[in-house]
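So the chains spell out like this:
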Amino acid sequence: MTVTVDWMSEAQNIYWYEAPSRLLDESRPPFYRWYPDGVTNACYNALDLHVSQGRGDQLALIADSPVTNHKSSYSYAQLLEAVARCAGAMAAQGVSIGDRVLIYMPMIPEAVIGMLACARLGAVHSVVFGGFASHELAVRIDDATPRLILSASCGIEPSRVVAYKPLLDDAIDQAAHKPDCCIVVHRPELEAAMVEGRDLAWHDVVPDAPLHDCVPVPANHPLYILYTSGTTGQPKGVVRDTAGGIVALKWSMKSIYNVSPGEVFWAASDVGWVVGHSYIVYGPLFSGNTTLLYEGKPVGTPDAGAYWRVIEEHNVRVLFTAPTAFRAIRKEDPHAQLMADYDLTGLKALFLAGERCDPDTLHWAEEQLSVPVIDHWWQTETGWPICANCLGLEALPVVPGSPARAVPGYDVVVLDEQGELVEANIIGALAIRLPLPPGTFTTLWNADERFESAYFSRFPGFYETGDAGYIDDNGYVFVMARTDDVINVAGHRLSTGAMEEVLAAHPDVAECAVIGVADALKGQLPLGLIVLSDGVSRPDGDIVSEVVASVREAIGPVAAFKQCYIVKRLPKTRSGKILRRTMRDIADGQPFKVPATIDDPSILDEIRAAIGSR
Ligand code: COA
Ligand code: AMP
């Protein structure tokens with residue numbers, strides 16, 4: 001069965017101040033614009049609409065935090081009030097339509113409230129994941145130039161309290177752009193020092209702020225900027241527009257995830273990632289579900305039964321997480337004995353994404369849960385799945401290793417180096433024929449040219465996904481690897497280029513490379529190789545510790561950069577290109593061909609000696 005979506009009919013399922021008369025403006029490819037003359041508001045569609053339709057008393061948001069032993073919940077009416085007050089407080093600080101608001105927060109309800117309050121005002125939020133450190137935050141502050149920042153005193157990791165505020169202060173010091181105001185949630189676990197004249201406490205300015213109404217915005221008004229890793233250290237500010245996102249996400253909740261209004265949907269991710277934007281905050285709320293915000297880990301908070309406890313306690317219907325979470329659970333509780341303590345009969349499906357799902361993990365999850373386990377493939381850029389087994393349309397047989405077929409709206413193809421379509425089962429670049437469907441990115445913030453050159457120049461008429469793979473005879477897509485310097489660590493997308501920039505800045509380092517090597521738990525881990533400058537005589541161990549510490553300080557703990565080796569030379573082609581792929585194969589113990597273009601093959605023996613048996 002081939003399903004096509006009538007995006008104009010789907011648009012009738014959302015609330016418009018002015019309904020669009022046109023479906024798509026194709027006049028300036030690749031800058032396609034869906035519903036170009038419509039007027040709407042994302043917050044209205046997430047909250048007000050449901051309250052007006054009688055869902056005010058239904059739970060909209062459940063926050064479950066095993067790291068603080070705290071739970072709270074908001075009905076749609078309560079969340080609407082909290083958001084309208086937050087919008088009022090931000091408006092009082094001068095925030096209005098089009099202004100950017102940066103959000104650097106842990107997994108607390110105020111993060112969701114802040115995002116929706118921005119949408120209410122037509123302000124453009126940019127959420128930065130809490131695991132990024134000051135330098136990364138500063139880069140984002142300078143690019144997004146926010147008028148206001150929402151933050152909190154701390155995040156809570158199982159092993160420690162992470163003081164967010166000093167990281168934020170440091171980032172603002174480093175950045176050339178300065179926000180007018182920061183509104184800070186003081187969590188009981190840690191009080192934050194405030195900067196006079198700039199910082200305000202959330203509890204002083206939000207709870208009694210006047211309720212602010214929704215501001216109608218043009219359909220293509222940016223809803224948010226979400227920075228993601230690219231090839232260089234300068235992250236890409238993915239821009240999502242308003243109407244396309246509402247229509248596509250609402251459609252996906254029913255058609256892909258097969259949940260109905262009123263059911264509990266849990267995306268065990270973080271609001272700092274695209275999964276959090278689309279499926280913790282916007283998608284479930286657009287479709288009238290109850291969404292779950294979980295501040296904890298799959299293991300250690302307190303044990304590998306944590307997910308089962310949450311599923312039972314909150315009657316979760318669909319769980320969405322990354323395969324790495326299931327690998328972590330399996331490692332600690334291989335026979336899922338902790339599952340026996342919980343009633344999981346309410347769970348109808350598990351969706352996995354963020355990284356390639358190894359068949360072993362898929363089978364284990366299927367056996368333990370006895371529900372469909374659906375691998376699906378998507379990216380920050382697309383905002384919702386490119387390939388999936390759409391349970392709400394027609395459940396397909398599961399083929400391990402494949403996120404199934406292209407979702408209606410996406411025309412996925414495989415291209416060779418010359419941009420020619422290749423036959424079934426042949427690996428090439430995964431690309432999507434234009435136009436991309438509604439809800440996908442509309443540009444990169446402040447970087448229209450980079451948008452065009454990074455994604456649309458290599459294969460005219462197509463979007464280049466940056467992933468390589470193949471499509472089999474049945475139309476099942478297999479996503480095998482990235483074609484660029486992006487790696488995937490525990491489902492987190494990171495740039496090896498950004499890490500190389502940090503290593504290269506060390507005074508003793510002459511040259512370096514960072515590669516992603518296979519890891520049984522996290523999928524991939526970064527591994528650094530450095531060549532020291534002539535005449536450096538300091539102990540190797542000191543230099544390695546310093547570069548490891550500097551990546552943690554500049555990029556953040558989430559980079560998980562812990563392995564670094566000093567080598568005499570790096571293998572290169574005759575034209576000077578570092579052979580990262582070959583080094584990755586050596587590190588992974590994979591067979592490899594010595595590239596014909598290599599400058600000096602003997603270097604590979606050295607590399608093998610350094611990292612071949614790590
Ligand atoms: N704020 C501050 N620090 C953070 C953070 C945050 N929001 N999130 C992670 N970190 C830190 C961690 O404390 C850890 O620091 P450490 O080096 O001092 O131990 C580091 O960043 C790496 O974190 P993480 O990738 O979470 O690894 P982990 O070893 O703590 O846990 C898993 C491993 C598999 C349990 C974890 O990665 C996980 O739960 N993954 C689920 C999948 C997921 O959420 N994917 C997101 C996309 S869907
Ligand atoms: P992000 O933008 O952080 O969502 O990361 C997107 C990248 O993660 C993709 O380009 C893929 O490389 C990888 N990815 C996401 N989902 C899958 C999947 N189901 N299978 C294989 N790779 C995936």
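Scroll up to find the structure this text is about.
Counting from 1, residues in each chain are numbered in the order their sequence is written. Note on labels: chains are lettered from A, ligands numbered from 1, in written order. Given that the model is predicted, a residue must reach a pLDDT of at least 70 before its local features are reported, and side-chain atom pairs must reach 80 or more before they are shown or counted; all residues, however, enter totals for whole chains, interfaces and linings. In computing side-chain properties, one takes all heavy atoms of the structure into account and sets aside hydrogens as well as water.

Q: Teacher, can you tell me more about the site of ligand 1 here?
A: Residues are counted as near a molecule or strand when any one of their heavy atoms sits within 4 Å of it. Taken together, 23 residues sit near ligand 1, with Glu157, Lys297, Pro298, Lys522 and Arg552 positioned nearest. The contact in question runs from an oxygen atom of ligand 1 to an N or O atom on the side chain of Arg160, over 3.2 Å. Definition of a polar contact: a pair of N or O atoms within 3.5 Å, with one able to donate and the other able to accept a hydrogen when the atoms are protein atoms, and with sequence-neighbouring residues admitted only if both atoms are side-chain atoms. One nitrogen or oxygen atom from the side chain of Arg552 is found 2.8 Å from an oxygen atom belonging to ligand 1. For ligand 1, the accessible surface in isolation is 940 Å², of which the surrounding protein chains cover 84%. Note that Gly is not counted as nonpolar here; it falls among the polar residues with everything else outside the nonpolar set of Ala, Val, Leu, Ile, Met, Phe, Trp, Tyr, Cys and Pro and the charged set of Asp, Glu, Lys and Arg. Grouping the amino acids of the shell around ligand 1 by side-chain chemistry returns 11 nonpolar, six polar and six charged. Only the protein chains shown count as cover for residues, and all accessible areas are computed by the Shrake-Rupley method using a 1.4 Å probe.

Q: Would you mind showing me how to read the sheet that holds strand 20 (residues 373-375) here?
A: Across a sheet, paired strands are connected by hydrogen bonds in the backbone, their directions being either parallel or antiparallel. Pairs of strands are assigned from DSSP output, requiring at least two bridges between the strands. Comment: elements are numbered from the N terminus, with helices defined as DSSP H or I runs of at least four residues and strands as E runs of at least two. Ordered by their spatial adjacency, seven strands build an open sheet running 5-4-17-16-18-19-20, and the pairing between neighbours is mixed. Only two strands of the sheet have a single partner each, and these edge strands are strand 5 (70-75) and strand 20. Taking the axes of each pair of neighbouring strands and ignoring which way they run, one obtains an average angle of 20 degrees across the sheet. Of the strand pairs in this sheet, strand 4 (residues 59-65) and strand 5 are connected by six bridges, and their pairing is antiparallel. Of the residues in strand 5, the one forming a bridge with Asp64 is Lys71. As a rule, the C-alpha atoms of each element are fitted with a line to give its axis, helices using only the stretch in contact, and angles between N-to-C directions run from 0 to 180 degrees.

Q: Even after reading the chapter, I still don't get the site of ligand 2, so can you show me in this structure?
A: In the vicinity of ligand 2 there are 15 residues, among which His376, Thr380, Asp467, Arg482 and Arg493 approach most closely. His376 is positioned such that a nitrogen or oxygen atom in its backbone is 2.7 Å from a nitrogen atom of ligand 2. Side-chain polar atom of Asp467 to an oxygen atom of ligand 2: 2.6 Å apart, as the coordinates give it. Burial of ligand 2 by the surrounding chains reaches 94%, relative to a free accessible area of 490 Å². Its residues assigned to classes, the shell around ligand 2 shows four nonpolar, five polar and six charged.

Q: Looking at this structure, I do not really get the environment of Ser255. What am I missing?
A: Of note, Ser255 is situated in helix 8 (residues 242-255). Summary of the burial criterion: residues with accessible area below 20% of their type's maximum are buried, those above 50% are exposed, and those between are partly exposed, where the area comes from a 1.4 Å probe applied to protein chains only. Overall, the relative accessible area of 7% leaves Ser255 in the buried class. The sequence separation of Ser255 and Leu393 amounts to 138 residues, and the corresponding C-alpha distance is 5.4 Å. The contacts of Ser255, once residues within four sequence positions are left out, are Cys390, Leu391, Gly392 and Leu393. Should any heavy atoms of two residues lie within 4.5 Å, those residues are counted as being in contact.

Q: Is there a simple way to explain the pattern of salt bridges in this structure?
A: Here a salt bridge means any side-chain nitrogen of Lys or Arg lying within 4 Å of a carboxyl oxygen belonging to Asp or Glu. Across all of its chains, the model carries 32 salt bridges by this definition. The closest approach of N and O atoms between Glu81 and Arg85, which form a salt bridge, is 2.9 Å. Of the two residues, Glu81 and Arg85 are both situated in helix 3 (residues 76-92); the distance of four residues between them amounts to about one turn of the helix. When the shortest N-O distance is used, the salt bridge between Lys297 and Glu157 registers 3.0 Å. Of this pair, Lys297 sits in the loop between strand 17 (290-294) and helix 10 (306-314) while Glu157 sits in strand 9 (residues 154-157); the two residues are 140 residues apart in sequence, bridging distant segments of the chain.

Q: What is the right way to read empty space enclosed by the protein from this model?
A: If a probe the size of a water molecule is rolled over the atoms, the empty space left behind becomes visible. A 1.4 Å probe that fits but cannot get out identifies a cavity on a 1 Å grid over protein atoms alone, an open set with protein on both sides within 12 Å along at least five of seven lines counts as a pocket, and a residue lines either if it has an atom within 4 Å of a point. Grid points are joined across faces, edges and corners, and a volume is the space filled by probe spheres set on the points. The final tally for this structure, using the stated rule, is six cavities of 30 Å³ or more. Taken together, 16 residues make up the lining of the largest cavity; nearest its centre are Tyr32, Leu436, Thr440, Phe441 and Thr442. Taken together, the residues that form the lining of the largest cavity break down as 11 nonpolar, three polar and two charged. Glu136, Arg140, Ser229, Ser495 and Ala498 are, among the 14 residues lining the second largest cavity, the residues nearest its centre. Secondary structure elements with two or more residues in the lining of the second largest cavity: helix 5 (134-144), strand 27 (492-495) and helix 14 (496-504). Considered class by class, the residues forming the lining of the second largest cavity number six nonpolar, six polar and two charged.

Q: How do you make sense of the sheet that holds strand 24 (residues 462-471) when you look at a structure like this?
A: Reading across the sheet, the four strands line up as 21-22-24-25 and stay open at both edges, with antiparallel pairing between neighbours. At either end of the open sheet lies a strand with only one pairing partner, and these are strand 21 (412-415) and strand 25 (477-482). Here the average twist between neighbouring strands, direction ignored, is 50 degrees. Relative to strand 25, strand 24 runs antiparallel, the two sharing five bridges. Along strand 25, the bridge assignment pairs Tyr470 with Phe478.

Q: Which parts of the structure should I look at to understand the side chain of His314?
A: You can see His314 is positioned in helix 10. When its relative accessible area of 12% is taken as the criterion, His314 is described as buried. Among the polar contacts listed, one links the side chain of His314 to the side chain of Asp64, at a separation of 2.7 Å.

Q: I'm lost on the packing of helix 4 (residues 109-121) against helix 9 (residues 274-286) in this one. Help?
A: In a packed pair of helices, the relevant descriptors are the angle between the two axes and the axis-to-axis distance. Where helix 4 meets helix 9, the closest approach of the two axes is 11 Å, and the angle between their N-to-C directions is 60 degrees. In terms of their interaxial angle, helix 4 and helix 9 are classed as oblique. Here helix 4 runs over helix 9; the crossing is right-handed. Contact residues: helix 4 offers Val112, Met115, Leu116 and Ala119, while helix 9 offers His277, Val281, Tyr282 and Leu285. Along the lines of polarity and charge, the residues of the contact of helix 4 with helix 9 split into seven nonpolar, one polar and no charged. Reported orientations rely on four angle classes, namely roughly parallel under 35 degrees, roughly antiparallel over 145, roughly perpendicular from 65 to 115, and oblique for the rest. We call a crossing left-handed when the near helix sits turned anticlockwise from the far one by less than a right angle, and right-handed when that turn is clockwise.

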